[in-house]
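In case you want the letters, here they are:
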Amino acid sequence: MTKGGEQEYVALINELLDGPFEENRTGTRTSRKFGVCINYDLRGGKIPLFSCKKTDYKIILDELLWFISGSTDTKKLNSKIWDKNTSKKVLEEKGLWHYREGDLGPSYGFQWRHAGEQYLGCDMDYGGVDQLQEMVNLLKKEPYSRRNLVSSWSPTQLKEMALPPCHVLFQMLVKDVNKLTCVIIQRSGDLGLGVPFNVASYATLTHIMAKLTGLEATSLTHVINDAHVYENHVEGLRNLEVDPESNPILEISEDVHSLEDLRPEQFRITGYKPKKQRRLKMVV
């Protein structure tokens, strides 16, 4: 399997490990590079689960299906990856004292499935613009459209979000009759922790879109406006190595027919041979 995308990821991290490091809102300094673009091959069911550091696909899939469901309640996740960002303490510090613990606000899934609606909390039902379903519809009706994109960035609601979206926009594009490419724009990318999740998540989403529309997923283009390594991640990211024997393939069950019937058991990863897990502390 070609490892071009993952090798570029490792090369980017190595480029940033020795700084210089700069201050930012988190209080933990970062080494940064702007305007990064990395391409990943999705042909034949390939999925860029990085071999250089073990990535838990169950957590990635759980979060993605949570986004797709439109939920903003982090307590519905089977992992704790959003717990710090939606703790009562952090919510109160951001002026969101009226949210209960676990309420992300109108971010990600809300924008994907309920854009334009007034946000009244994570326990409410919403209408609004279902950008994700409209994307499926347009891929079927007008696959060559250049307008088939989903935005998570809602300027009028940013102050209502526990964390504004890092991956802010993605677009699905078709060429050569049925070849599907996803382009994702990420305003801010934590290379150590977040980016491996983002890459595998959007690759999965591309395969889902291909499954629902009869197209062939071929590539993922990942653009990161501010790609950075946190200073407290440096030692944990040294000496990363890509394993050429790792060949992760995503298999999706034939009973996937809509965005509403997606379940974890419909997804299976084979051929994934990662190196050891790297323990990195999340920066909030």
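Our structure is the block above this text.
About the criteria used
- All residue numbers refer to position in the chain's written sequence, counted from 1.
- Selection of residues for local features in this predicted model requires a pLDDT of at least 70, selection of side-chain atom pairs for listing and counting requires 80 or more, and totals for whole chains, interfaces and linings are taken over all residues.
- Note that the side-chain values use all heavy atoms of the structure and ignore hydrogens as well as water.
- Each nonpolar core is a collection of buried residues, namely Ala, Val, Leu, Ile, Met, Phe, Trp, Tyr and Cys, held together in the definition by side-chain atoms within 4.5 Å.
- Note on classification: 1.4 Å probe, protein chains only; a residue is buried when its accessible area is under 20% of the maximum for its type, exposed when over 50%, partly exposed between these limits.
- Comment: elements are numbered from the N terminus, with helices defined as DSSP H or I runs of at least four residues and strands as E runs of at least two.
- Between two residues, a contact is recorded if the distance between any of their heavy atoms is within 4.5 Å.
- Pairs of cysteine sulfur atoms within 2.5 Å are identified as disulfides in what follows.
- Throughout, the arc means that of the directions going from the helix axis to the C-beta atoms.
- The positive count covers Lys and Arg only, the negative count covers Asp and Glu only, and His and the chain ends enter neither.
- One side-chain nitrogen of Lys or Arg within 4 Å of one carboxyl oxygen of Asp or Glu is enough to make a salt bridge.
- Polar contacts, as counted here, are pairs of nitrogen or oxygen atoms within 3.5 Å of one another; within protein the pair requires one atom able to donate a hydrogen and one able to accept it, and residues that are adjacent in sequence qualify only if both atoms are side-chain atoms.
- Axis angles are defined between N-to-C directions and span 0 to 180 degrees, where every axis is a line fitted to C-alpha atoms and, for a helix, only to the segment in contact.
- Roughly parallel covers angles under 35 degrees, roughly antiparallel covers those over 145, roughly perpendicular covers 65 to 115, and oblique covers all other angles.
- Each helix crossing is assigned a hand: it is left-handed if the near helix lies turned anticlockwise from the far helix by less than a right angle, otherwise right-handed if that turn is clockwise.
- Aromatic contacts are taken between Phe, Tyr and Trp rings whose centres are within 6.5 Å, Trp giving its six-membered ring; a plane angle under 30 degrees counts as stacked, one over 60 as edge-to-face, and the others as tilted.

Draft legend 1. How the structure looks around the nonpolar core. Grouped together as the largest cluster of nonpolar side chains are 78 residues, with contacts concentrated most on Tyr9, Ile68, Trp112, Phe170 and Leu191. Sort the elements by how many residues they give to this core and helix H6 (residues 194–213) lands first, with eleven residues. Discounting residues that sit within four places of it in the chain, Tyr9 has contacts with Ile38, Tyr40, Phe50, Cys52, Lys53, Leu191, Gly192, Val195 and Pro196.

Draft legend 2. Spotlight on the state of the cysteines. This model, assessed by the stated rule, comprises zero disulfides. Just so you know, Cys37 is unpaired, no disulfide at all, and the nearest cysteine sulfur is the one on Cys182, 12 Å from it. What makes Cys37 partly exposed here is its relative accessible area of 43%. Note on Cys52: no disulfide assigned, nearest cysteine sulfur contributed by Cys37 at a separation of 18 Å.

Draft legend 3. Spatial organisation of helix H5 (residues 131–141). The complete set of buried residues in H5 reads Gln131, Leu132, Met135, Val136 and Leu139. Each buried residue of H5 sits inside an arc of 145 degrees when the element is viewed along its axis, so together they form one side. Structural note: H5 exposes Lys140 and Lys141 on the side pointing more than 90 degrees away from its buried face. As for H5, its buried residues are in contact with helix H2 (57–69), helix H4 (109–114), strand E2 (149–151), strand E3 (167–175), strand E4 (179–186) and H6.

Draft legend 4. Fine view of the side chain of Asp103. Position of Asp103 relative to the elements: it lies in the loop between helix H3 (88–93) and H4. Buried charge without a partner: Asp103 forms no salt bridge, and the closest opposite charge is Arg100, 6.2 Å away. At 2.5 Å, the side chain of Asp103 forms a polar contact with the side chain of Tyr119. Only 3.1 Å separates the side chain of Asp103 from the backbone nitrogen of Cys122, close enough to count as a polar contact. Beyond its immediate sequence surroundings of up to four residues, Asp103 is in contact with Thr72, Thr86, Leu91, Tyr119, Gly121, Cys122 and Ala162.

Draft legend 5. The arrangement of the side chain of Asn198 in detail. As for its placement among the helices and strands, Asn198 is situated in helix H6. A residue is classified by how much of its surface remains accessible, and Asn198, at 11% relative accessible area, is buried. Filtering out sequence-adjacent residues up to four positions away, Asn198 remains in contact with His167 and Gln186.

Draft legend 6. Focus on the packing of H5 against H6. Across the interface, H5 lies against H6 with an axial gap of 9 Å and an inter-helix angle of 50 degrees. Between H5 and H6, the interaxial angle falls into the category oblique. Classified by chirality, the crossing of H6 by H5 is right-handed. Across the interface between the two elements, Leu132, Met135, Val136, Leu139 and Lys140 of H5 pack against Met209, Leu212 and Thr213 of H6.

Draft legend 7. Representation of the packing of aromatic side chains within the structure. Taken as a whole, this structure holds 14 aromatic pairs when the rule is applied. Ring geometry for Tyr40 versus Phe50: centroids 6.0 Å apart, planes at 35 degrees, classification tilted. One end of the pair, Tyr40, is in strand E1 (residues 30–41); the other, Phe50, is in the loop between E1 and H2, with ten residues separating them in the sequence. Geometrically, the ring pair formed by Trp112 and Tyr202 is edge-to-face, given 6.4 Å between the ring centres and 65 degrees between the ring planes. Highlighted residues: Trp112 in helix H4 and Tyr202 in helix H6, separated in sequence by 90 residues. Of the two residues, Trp112 and Tyr202, neither departs from the other in class, the shared state being buried. Taken together, the aromatic side chains of Trp66, Phe67, Trp82, Tyr108, Trp112, Phe170 and Tyr202 make up a single cluster linked through ring pairs.

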